[in-house]
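# Results of the structural survey
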Number of protein chains: 2
Amino acid sequence: MCEPVTFVIIDDHPVVLQGLQYMIQGQENMEVLACFTTGGEALAYLQHQEVSVVLQDIGLPDTSGIELCCEIKKLQPDVKVLVLSNYNERSIIFESLKNGASGYLLKNTAPDILIQSIKSALEGKLVLSEEVQAIMAQPAPADLSAPPRLTRREKEILQHIADGCTTAEIAEKLFISPLTVESHRRNLMQKFSVSNAPGLIRMAISHKFVVA
Amino acid sequence: MCEPVTFVIIDDHPVVLQGLQYMIQGQENMEVLACFTTGGEALAYLQHQEVSVVLQDIGLPDTSGIELCCEIKKLQPDVKVLVLSNYNERSIIFESLKNGASGYLLKNTAPDILIQSIKSALEGKLVLSEEVQAIMAQPAPADLSAPPRLTRREKEILQHIADGCTTAEIAEKLFISPLTVESHRRNLMQKFSVSNAPGLIRMAISHKFVVA
DNA sequence: TTTTTTCTACTGGTTTTCCAGTATTTTATC
DNA sequence: GATAAAATACTGGAAAACCAGTAGAAAAAA
C-alpha cells in the first residue's frame with residue numbers, strides 16, 4: 001500500500017470548501033489535511049507541513065490568489081497547485097500558470113472531471129478544462145496589445161478626459177497651459193494607437209486605466 | 001414532530017451543490033429533495049413537487065437566474081427563494097428581490113449564518129447578508145441615473161463611436177448622410193447628459209451599452 | 001387609422017480636437 | 001555630474017465635433 005495523496009484546500013467560500021472536502025474524502029487514497037478561507041493561514045500551515053496537492057481559489061480576501069500560488073511553490077516546489085476559480089479572464093489564467101499553477105479549472109467543473117484532473121496533475125501534466133482552453137485560444141484585442149506605459153501625468157489627464165472634460169477645462173484644473181494638455185492628449189492617443197478621444201477612452205477602460 | 005423543511009438546490013457548480021447538500025442534510029428537520037445544475041430541469045421538477053425553500057444561483061447556464069426566480073414564484077407563491085450568488089452588483093440584487101427572492105446572500109457566507117438565514121426566511125423575513133446590505137446602501141453614480149432608452153439606430157451609432165469611427169466614417173458604413181449621424185450623435189449625448197464623445201463612451205460602457 | 005416615435009437630412013455657425021514639429025525646464029536615474 | 005525621461009509650452013493649420021433649430025418620410029404603436 002502506497003502513501004495517500006494529501007490535500008490542502010483554500011477557498012473563501014465555506015460551501016465550496018465543504019463540497020470539495022466531501023468529494024475528495026470519498027476517493028480512495030486521498031486525504032484532506034486542512035482547509036482555509038484565507039491565503040495567510042494556508043501559507044503559515046504549509047511552512048511546516050508537506051502536501052501533495054493544493055486546491056486554491058483566485059478571489060481570496062487577503063492575498064491575491066496569483067501571488068499565493070507563487071508563494072506556495074517557493075515553499076514547496078514539488079506541490080501541485082490547482083487553481084479552481086470562477087474567473088474566466090485570460091489574463092488571470094496566464095498569470096496563474098506563469099506563477100506555477102499546474103492547472104486551471106472553472107468551478108462549474110463536474111466532480112469526476114475534477115478528480116481526473118487531480119490525477120493528471122499528479123502525473124506532471126498541465127491540466128486545463130476545455131472551457132479554459134477555449135478562453136486561452138481566443139484572445140480579445142486588448143489581450144494582444146500590451147497596455148502602454150503611462151506616466152503619472154498622463155494617467156491624470158486620461159482620467160479627466162474620461163470624465164468628459166475639455167482640454168481647456170483640464171488645463172484650468174491642473175494649472176497648466178491648454179497647449180500642454182494637448183501634448184499629453186496627443187501622446188496618449190499615440191501610445192494607445194487610436195486616432196480620437198472616444199477610442200482612447202474605450203481602450204483606457206479595457207486596459208483598466210479608468211473605471212467605467 | 002413537525003414536517004421537515006424541504007429543499008431544492010440549483011447551482012451550476014457541482015462542488016457548491018455538494019457542499020450545500022451536505023450542510024443542510026446535517027441539520028435536523030431539513031431535507032434536500034433534489035439538486036439541479038440548470039434552471040430548466042428545476043422548473044420541470046417544481047411543476048409537480050412542492051418544496052419549502054429553493055436555494056439558487058444567479059449565473060445559470062440556461063436561464064438567467066433572475067427570470068428563474070420569477071418563474072418559481074409563479075409556480076409556488078409560498079416557496080422561499082434564497083439567492084446564493086457570487087455577483088455583488090447592485091442591479092442584480094435589486095432585480096432578484098423584485099422578482100420575488102426572499103433573500104440574497106453571497107457565496108462566501110459562513111455555514112452557520114446560512115442556516116440561520118434560511119430559518120429567518122422561513123419566518124417570512126427578508127434575508128440580506130451584511131455585505132449585500134452595504135452594496136445596496138452604496139449606489140454607484142450609474143445606478144442612480146436610469147439608463148436612457150436608446151433606439152436601435154442609436155445603439156448602432158454608439159457602437160461605432162466607441163470603435164473610434166468619425167462621423168464621416170459611420171455615415172459611409174451605414175449608407176446615410178453624415179448630417180444624420182451627427183443628429184444621432186447629438187441625441188445620444190443629450191440622452192446621456194454629457195457634452196462630448198469621451199464622456200458618452202464612458203457612460204455607454206458603464207451602462208453596458210458597449211463592452212470595454 | 002391616427003398618433004407617436006424614429007430615422008432621415010438640412011442650414012449656418014462656434015468650439016474643440018487633431019496633426020506635425022520643436023524646444024525648454026524639471027525630475028528621475030545611473 | 002551626466003543621461004534619460006517626463007512635463008511643460010509653443011506655432012499654425014486642417015479636420016472633426018458640437019450647438020440650435022427645423023422638418024419631411026418611414027416605421028411602429030395606439
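Residues numbered from 1 in each chain as written. Chains lettered and ligands numbered in written order. Predicted model: local features only at pLDDT ≥ 70, side-chain atom pairs only at ≥ 80, totals over all residues.

### Describing the overall build of chain A
A tally of regular secondary structure across chain A gives eleven helices and six strands. Relative to the compact-globule value of 17 Å for 212 residues, chain A shows a C-alpha radius of gyration of 23 Å, a clear excess of over 25%. Principal-axis analysis of the C-alpha atoms places the extent of chain A at approximately 80 × 35 × 30 Å. Going through the 212 residues of chain A one by one, you find that 40% of them count as buried. For chain A, long-range pairs separated by at least 24 residues make up 59% of all intrachain contacts whose partners lie at least 6 apart in sequence. (Helix = DSSP H or I, 4+ residues; strand = E, 2+ residues; numbered from the N terminus. Rg over C-alpha atoms; globule rule 2.2 N^0.38 Å. Buried ≥ 20, exposed ≤ 12 C-beta atoms within 10 Å, placed from the backbone. Contact = placed C-beta atoms within 7 Å.)

### With respect to the protein's contact with DNA strand C
Inspection of the region around DNA strand C gives 21 residues, with Thr167(A), Asn196(A), Thr151(B), Arg153(B) and Ile176(B) positioned closest. Residue assignment for the surface near DNA strand C shows that the elements contributing at least two residues are helix 9 (167-174) and helix 10 (178-191) of chain A together with helix 8 (152-162) and helix 10 (178-191) of chain B. Here the surface near DNA strand C gets five residues from one element, more than from any other, and that element is helix 10 of chain A. (Near = placed C-beta within 6 Å.)

### Quick notes on the packing of helix 11 (residues 197-206) of chain A against helix 11 (residues 197-206) of chain B
At a minimum axis distance of 8 Å, the contact between helix 11 of chain A and helix 11 of chain B shows a crossing angle of 35°. Crossing of helix 11 of chain A over helix 11 of chain B shows right-handed handedness. In contact with Ala197(A), Pro198(A), Ile201(A), Arg202(A) and Ile205(A) of helix 11 of chain A, helix 11 of chain B contributes Ala197(B), Pro198(B), Ile201(B), Arg202(B) and Ile205(B). Of the residues that constitute the contact of helix 11 of chain A with helix 11 of chain B, the class distribution is eight nonpolar, no polar and two charged. (Axes fitted to C-alpha atoms, helices over the stretch in contact; angles between N-to-C directions. Left-handed = near helix turned anticlockwise from the far one by under 90°. Nonpolar A, V, L, I, M, F, W, Y, C, P; charged D, E, K, R; others polar.)

### Brief notes about the pairing of strand 3 (residues 53-56) of chain A
Residues and elements named next belong to chain A. Judged by which residues are buried, strand 3 turns out to be covered on both faces: Val53 and Leu55 on one side and Val54 and Gln56 on the other are all buried. Looking at chain direction, strand 1 (residues 5-10) and strand 3 are connected through four bridges and run parallel. From the neighbouring strand, Ile10 faces strand 3, where its bridge partner is Gln56. Of the strand pairs in this sheet, strand 3 and strand 4 (residues 80-85) are connected by four bridges, and their pairing is parallel. Along strand 4, the bridge assignment pairs Val54 with Val81. Crossover connection from strand 3 via helix 3 (residues 65-75) to parallel strand 4: handedness right-handed. (Pairing = 2+ DSSP bridges. Right-handed = clockwise from strand over helix to strand, strands pointing away.)

### Section: the domain arrangement of chain A
For chain A, the assigned domains read domain 1 (5-138) and domain 2 (144-206). For domain 1 of chain A versus domain 2 of chain A, the separation of C-alpha centres amounts to 40 Å. (Domains from an automatic or database assignment.)

### A look at the sheet that holds strand 2 (residues 30-36) of chain B
All names here are of chain B. The strand order across the open sheet built from six strands is 2-1-3-4-5-6, with neighbouring strands paired in parallel fashion. The sheet is open, and its two edges are formed by strand 2 and strand 6 (127-128), each paired on a single side. Bridging between strand 5 (residues 103-106) and strand 6 involves two bridges; their strand directions are parallel. Note that in strand 6 the partner of Tyr104 across the bridge is Leu128. Sitting on the sheet, helix 2 (residues 39-46) touches strand 1 (5-10) and strand 2, and the angle it makes with strand 1 is about 155°. Of the strands in this sheet, strand 3 (53-56) and strand 4 (80-85) are in contact with helix 3 (residues 65-75), which crosses strand 4 at around 170°.

### Some points on the relation of the copies chain B and chain A
You can overlay chain B on chain A at an RMSD of 0.5 Å; the transform is a turn of 180° with a shift of 0.2 Å along its axis. Both chain copies can therefore be described as sitting about a two-fold axis. Judged by C-alpha distance, Gly19(B) is the residue of chain B that lies nearest the rotation axis, at 1.8 Å. (Least-squares fit on C-alpha atoms with pLDDT ≥ 70 in both.)

### Some thoughts on the interface of chain B and chain A
Contacts between chain B and chain A engage 30 residues on the former and 30 residues on the latter. Elements with a contribution of two residues or more to the side of chain B that touches chain A: helix 1 (14-25), helix 8 and helix 11 of chain B. Ranked by residues supplied to the side of chain B that touches chain A, first place goes to helix 1 of chain B with eight residues. Considering only residue class, the side of chain B that touches chain A consists of 16 nonpolar, eleven polar and three charged.

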